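Commentary on secondary and tertiary structure
So the chains spell out like this:
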Amino acid sequence: MAGAPVTGAGGPVLDDDGRELDRIRLLGVRARGHHGVLEHERRDGQEFSADVVLHLDTRAAGRADDLALTVSYADVGEDVVAVLAGEPVDLVETLAERIADAALARPGVRAVDVTVHKPQAPLTVPFDDVQVSVRRRAATAGRVAGAAGDAETAEAAVAEIAEAAAPGDADDSAPLRRRPARPVPLVLALGANLGDAVGTLREAVTELAHAAGVSLTTVSPLARTAPVLAPGQASQPDYLNAVVLGTTTLAPAEVLALAHRVEDDHDRRRTERWGARTLDVDVVAYGDLVSDDPELTLPHPRAHERAFVLAPWARAEPTAVLPGPHGGPVADLAARARDRATLTWAGEDWLRTDPRTAAEPAVEGER
């Protein structure tokens, strides 16, 4: 799932067929923020502005005269203001990254150029402006308009993504449908016990890392566990499990849709509860959000009792805390989990080293 190639800073972005993508420019969006490393910057604030250039295929929207087939620059402007006027950060670079993340979360956006201006920066020499410019791109190229060979197929591709991200008939203020004003922590659990499980998990991590609106920061060691079986259910191979940590600017429902798309990409079949599977991607936690919505219960309703989630999570983030009524320090929950005895470590640096060719050393206190 390679992203569109970038030809250079400020230059054109090409689609998968080598055609130059169109651009939507939003220049000089301004807001007052309290960003900077100095005390008076945090206290008094100053004006920041940003220029955003979206790279996408606008042909379908132009032919159909339909806003749903392109990106609303009004919505992007609101995203920019939310970052500039939002949570104080030390660096202009951080503002640029957050604006880029928000832009790439918009369906159809293939790449984005962001320039953040800080004209009142605390310099001791004469100057006109301080600017930080970044280019970031989505790496889900085959799933957006322009990857197809004709405008009709391109239009269908954009519509598919828009439909997956749309809130439907639900209230736009519902927590599962609301995109955050800034990136929120995200915890996903991956598991597989059919086929080339290691290869599948590696590909899943790559797809999630390249998904628009998601930024992965940590991947846990690989754990091996016995499968959970229903009474009378046939035996299955052991599972390989890992946890990935990161942040997202997607709404919780959009994260769930992304997880299902990655599963579907690897032929996941949902025919039997607790059945063997090529890939399982569970949303374990989305910030501190607690939801009992049957569409997506957060945190995951059984995460607090599953060692194959808790132990890898604790290895990736030793100070992690599971939110919710059954939550607590993840390391403590892992130590008390009933299935703890079935867990062994299958690979530490498994994304680069094949755990099937080298035994992993045991970790003290763990089997």
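What comes next concerns the included structure. This one's a predicted model, so the numbers in the text were calculated from it and none came from an experiment.

1. Considering the overall build of the protein
When helices and strands are counted, the protein shows 9 helices and 12 strands. On the protein, roughly 17700 Å² of surface is accessible, and the fraction owed to carbon and sulfur atoms is 50%.

2. Here's the deal with the side chain of Thr200
Here Thr200 lies in helix H6 (residues 197–210). Setting aside residues up to four positions removed in sequence, Thr200 forms contacts with His266, Thr278 and Leu279.

3. Digging into the sheet that holds strand E3 (residues 111–117)
As summarised here, the arrangement of the 4 strands in space is E1-E2-E3-E4, forming an open sheet in which the pairing is antiparallel. What marks the edges here is a single partner per strand, and that holds for strand E1 (22–33) and strand E4 (131–137). Pairwise comparison of adjacent strand axes, ignoring direction, gives a mean angle of 15° for this sheet. On the sheet, helix H3 (residues 73–84) packs against E1, strand E2 (46–56) and E3 and is oriented at approximately 35° with respect to E1. Across the sheet, helix H4 (residues 92–104) is in contact with E2, E3 and E4; its angle to E3 comes to roughly 145°.

4. Overview of the nonpolar core
One finds Leu190, Leu201, Leu222 and Val283 to be the most contacted residues of the largest nonpolar core, which totals 34 residues. Looking at this core, the elements that each hand over two or more residues are strand E5 (184–192), H6, strand E8 (239–248), helix H7 (252–265) and strand E9 (280–286). Residues Ala31, Val52, Leu56 and Val132 belong to the second largest nonpolar core, which totals 29 residues.

5. Digging into the packing of H3 against H4
Close contact between H3 and H4 brings their axes to 9 Å; oriented N to C, the two are set at 150°. By the angle between their directions, the pair H3 and H4 is classed as roughly antiparallel. As for how H3 packs across H4, the hand of that crossing is right-handed. For the pair H3 and H4, the contacting residues are Asp79, Val80, Val83 and Leu84 in the first and Leu95, Arg98, Ile99 and Ala102 in the second. Tallied by class, the residues present in the contact of H3 with H4 amount to 6 nonpolar, no polar and 2 charged.

6. Description of the pattern of salt bridges
Under the criterion given, the structure shown has 16 salt bridges. Its salt-bridge partner being Glu87, residue Arg98 comes within 3.4 Å of it at the nearest N-O pair. With Arg98 in helix H4 and Glu87 in the loop between H3 and H4, the pair connects residues that are 11 residues apart, well separated along the chain. By relative accessible area, Glu87 is classed as partly exposed at 38%. Asp113 serves as the salt-bridge partner of Arg135, at 2.5 Å between the closest nitrogen and oxygen. Here Arg135, found in strand E4, pairs with Asp113, found in strand E3; they are 22 residues apart in sequence, far enough to count as distant. One exposure class covers both Arg135 and Asp113, and it is buried. When salt bridges that share partners are traced, they join Asp75, Asp79 and Arg106 into one network.

What counts as what
- Per chain, residue numbering runs from 1 following the sequence as it is written.
- Per-residue local features are limited, in this predicted model, to residues with pLDDT of at least 70; the limit for side-chain atom pairs, both in listing and counting, is 80 or more; totals at the level of whole chains, interfaces and linings are taken over all residues.
- The basis for the side-chain values is all heavy atoms of the structure; hydrogens and waters are excluded.
- Helix and strand definitions follow DSSP, with helices as H or I runs of at least four residues and strands as E runs of at least two, each counted in order from the N terminus.
- Surface accessibility follows the Shrake-Rupley procedure with a 1.4 Å probe radius. Residue values consider only the protein chains on display as shielding.
- Contact between two residues is taken to exist if any of their heavy atoms lie within 4.5 Å; hydrogens are not considered.
- The criterion for strand pairing is that DSSP finds at least two bridges linking the strands in question.
- The angle between two axes is taken between their N-to-C directions and runs from 0 to 180 degrees, where each axis is a line fitted to C-alpha atoms and a helix contributes only its stretch in contact.
- Among buried residues, the Ala, Val, Leu, Ile, Met, Phe, Trp, Tyr and Cys ones that are joined through side-chain atoms within 4.5 Å form a nonpolar core.
- Working definition: with a 1.4 Å probe on protein chains only, accessible area under 20% of the residue-type maximum means buried, over 50% means exposed, and in between means partly exposed.
- Working rule for angles: under 35 degrees goes down as roughly parallel, over 145 as roughly antiparallel, 65 to 115 as roughly perpendicular, anything else as oblique.
- If you view the pair so one helix is near and one far, a crossing is left-handed when the near helix is turned anticlockwise from the far one by less than a right angle, and right-handed when it is turned clockwise.
- Following the grouping adopted for this structure description, the nonpolar residues are Ala, Val, Leu, Ile, Met, Phe, Trp, Tyr, Cys and Pro, the charged ones are Asp, Glu, Lys and Arg, and the polar ones are all others, Gly among them.
- Every case where a carboxyl oxygen of Asp or Glu lies within 4 Å of a side-chain nitrogen of Lys or Arg is listed as a salt bridge.

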